[in-house]
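Take a look at the letters that make up each chain.
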Amino acid sequence: MVEHIKLNSGHSMPQIGFGCWKLDESSASEQIYNAIKEGYRLFDGAEDYGNEKQVGQGIKKAIDEGLVKREELFIVSKLWNSYHDPKNVEIALDKTLSDLGLDYLDLFLIHFPISFKFVPIEEKYPPGFYCGDGDNFHYENVPILNTWNALEKLVKAGKIKSIGISNFNGSLIYDLLRGIRSQGGIEPSVLQIEHHPYLQQPRLIEYVQGQGIAVTAYSSFGPQSFIELESKKAKDTPTLFEHDTIKSIADKHGKSPAQVLLRWATQHGIAVIPKSNNPKRLGQNLNVNDFKLSDEDIKEIAKLDIGLRFNDPWDWDKIPIFV
Ligand code: NAD
């Protein structure tokens, strides 16, 4: 049984979910269906992943077969950078809802605090880094509070249950909260960030959790996910699965290194969204809360923090969100 985190919106979010990034189109629907069968209830998707139609088909199959009801699922998507202008936020959400075949999302996050120039859906979807002009980046002057206000309206319209942010740093969250509170608006329910032993960010997590915002960790296995993308930084970094500290803690508890990495986050009240298409690992990743890391284990893992970030928009176009 997966534990739940109570969100400041009043809704509850499963603490362990399934990440949908890089699920390829041909197998995504089956993988979602299998994950629901295995017991996953939270699915972390995004417009940018380009697979929301297939994710929706997997969800539909499971619902049609009576494996699960819509209200038992927690479906997450993320607003892509091309749709930050308030007039485009609903257009993007409607596309996501129609691709998923759903009439509401449980959680919609601003994927990055970066506003690209709008690209019409008919021109290219998802647009990725395309800003209407080959490989050139173009930006729009949209302050984040304006995008946030558009999301608040969609909560009130019943299309989204909870709203949140991803890849935001401390100073931007600090300012966003000032803006929202000055308007008496809806506060973010969730912050989703890259988080693993090489990038621990304890102050950010302490601040955000202290404000009543839940934290979701992505890329919990550190370099693993970025090796597939041919990232040199990831290839040059020792894998966490083979790291002596992680391996010895895993052996001591009779668990796999992956389970230790996930438990390390969940024990700090953080949600995790690992992705796997291997049936054994699917089950393994879902069952991580039946053991407890000791204070000593946590102290040892704390020593691995080197502030190493794999998902950094500085590498796209020198975009300074984390400098
Ligand atoms: P991840 O850390 O979940 O790692 C995935 C890799 O680990 C895959 O290669 C998989 O085969 C392997 N793996 C999974 N379980 C394993 C196990 N038990 N033992 C050994 N290997 C195992 O990587 P991720 O995909 O980067 O992150 C998870 C999810 O987070 C994504 O699918 C996506 O939903 C989300 N995410 C969000 C953002 C964002 O900007 N908000 C960025 C990256 C990822």
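Residues numbered from 1 in each chain as written. Predicted model: local features only at pLDDT ≥ 70, side-chain atom pairs only at ≥ 80, totals over all residues. Heavy atoms only, no water.

Draft legend 1. How the structure looks around the nonpolar core. The biggest cluster of nonpolar side chains holds 88 residues, and the ones touching the most others in it are Phe18, Ile32, Phe43, Ile160, Ile173 and Leu191. One finds Ile5, Leu7, Val76 and Leu107 within the second-largest nonpolar core, a separate group that totals 13 residues. (Core = buried A, V, L, I, M, F, W, Y, C linked by side-chain atoms within 4.5 Å. Buried < 20%, exposed > 50% of the residue type's maximum accessible area, 1.4 Å probe, protein only.)

Draft legend 2. Seen up close, the pattern of salt bridges. What the rule picks out here adds up to 16 salt bridges. The closest approach of N and O atoms between lysine 232 and aspartate 236, which form a salt bridge, is 2.6 Å. In this structure aspartate 236 comes out as exposed when scored by relative accessible area, which is 52%. Note that aspartate 315 and lysine 233 form a salt bridge whose closest N and O atoms lie 3.6 Å from each other. Here lysine 233 lies in helix 8 (residues 232-235) and aspartate 315 lies in helix 13 (residues 314-317), a separation of 82 residues in the sequence. For lysine 233, a relative accessible area of 33% puts it in the partly exposed group. A single network of salt bridges, built from pairs that share partners, joins Glu90, Asp94 and Lys159. (Salt bridge = Lys/Arg side-chain N within 4 Å of Asp/Glu carboxyl O. Helix = DSSP H or I, 4+ residues; strand = E, 2+ residues; numbered from the N terminus.)

Draft legend 3. Molecular detail of the site of the ligand. In the neighbourhood of the ligand, 28 residues make up the surrounding shell, with Asp44, Ser219, Ser225, Glu228 and Asn285 lying closest. Side-chain polar atom of asparagine 285 to a nitrogen atom of the ligand: 2.8 Å apart, as the coordinates give it. For the ligand, the accessible surface in isolation is 830 Å², of which the surrounding protein chains cover 94%. Sorting the residues of the shell around the ligand by element identifies helix 7 (224-227) and helix 11 (279-286) as the ones contributing at least two each. Among the elements that take part in the shell around the ligand, helix 11 stands out by supplying three residues, more than any other. For the shell around the ligand, a count of residues per class yields 10 nonpolar, 13 polar and five charged. (Near = heavy atom within 4 Å. Polar contact = N/O pair within 3.5 Å; in protein donor to acceptor, adjacent residues only side chain to side chain. Areas by Shrake-Rupley, 256 points an atom, 1.4 Å probe, with all protein chains shown as cover. Nonpolar A, V, L, I, M, F, W, Y, C, P; charged D, E, K, R; others polar.)

Draft legend 4. Structural view of the sheet that holds strand 10 (residues 271-272). Overall, parallel pairing links the eight strands, which are arranged 3-4-5-6-7-8-9-10 in an open sheet. Where the open sheet ends on each side, the last strands, each with one partner, are strand 3 (17-19) and strand 10. Pairing of strand 3 with strand 4 (residues 42-44), which is carried by three bridges, proceeds in the parallel orientation. Bridging from a neighbouring strand, glycine 19 pairs with aspartate 44 of strand 4. (Pairing = 2+ DSSP bridges.)

Draft legend 5. Here's a closer look at unusual backbone geometry. Here tyrosine 125 and proline 126 are connected by a cis peptide whose omega angle stands at -15°. Mapped onto the secondary structure, proline 126 falls in the loop between strand 6 (105-110) and helix 4 (144-156). In the Ramachandran plot, lysine 22 falls in the positive-phi region, its phi being about 70° despite a non-glycine side chain. On the secondary structure map, lysine 22 appears in the loop between strand 3 and helix 1 (25-38). A relative accessible area of 24% places lysine 22 in the partly exposed class.

Draft legend 6. Representation of the UniProt feature "domain: NADP-dependent oxidoreductase" (unreviewed entry) in the chain. Following the UniProt record, one finds the feature "domain: NADP-dependent oxidoreductase" (unreviewed entry) at residues 16-305. Span residues 16-305 is 42% helix and 13% strand, its end C-alpha atoms 23 Å apart. (UniProt positions renumbered as here; feature names shortened; annotations may be inferred.)

Draft legend 7. Quick peek at the packing of helix 9 (residues 244-253) against helix 12 (residues 295-302). Where helix 9 contacts helix 12, the two axes come as close as 10 Å, and the packing angle between them is 165°. In terms of orientation, helix 9 lies roughly antiparallel with respect to helix 12. Seen along the crossing, helix 9 lies across helix 12 with a hand that is left-handed. Mapping the contact onto sequence places Thr245, Ile246, Ile249, Lys252 and His253 in helix 9 and Asp297, Glu300 and Ile301 in helix 12. When grouped by side-chain class, the residues that make up the contact of helix 9 with helix 12 number three nonpolar, two polar and three charged. (Axes fitted to C-alpha atoms, helices over the stretch in contact; angles between N-to-C directions. Parallel < 35°, antiparallel > 145°, perpendicular 65-115°, else oblique. Left-handed = near helix turned anticlockwise from the far one by under 90°. Contact = heavy atoms within 4.5 Å.)

Draft legend 8. Just the pairing of strand 6, in detail. Taken across its six residues, strand 6 has six buried, putting it largely inside the fold. Where strand 5 (residues 74-79) lies against strand 6, four bridges are found, and the strand directions are parallel. Each residue of the ladder has a partner; that of valine 76, found in strand 6, is leucine 107. For the crossover from strand 5 across helix 3 (residues 86-100) to strand 6, the handedness is right-handed. Where strand 6 and strand 7 (residues 160-166) come together, five bridges link them in parallel fashion. Of the residues in strand 7, the one forming a bridge with leucine 105 is isoleucine 160. (Right-handed = clockwise from strand over helix to strand, strands pointing away.)

Draft legend 9. Representation of the environment of leucine 145 in the model. Within the secondary structure layout, leucine 145 lies in helix 4. Leucine 145 sits 64 residues away from glutamine 209 along the chain, and the two C-alpha atoms are 21 Å apart. Excluding residues that lie within four positions of it along the chain, leucine 145 makes contacts with Leu176, Gly179, Ile180 and Gln183.

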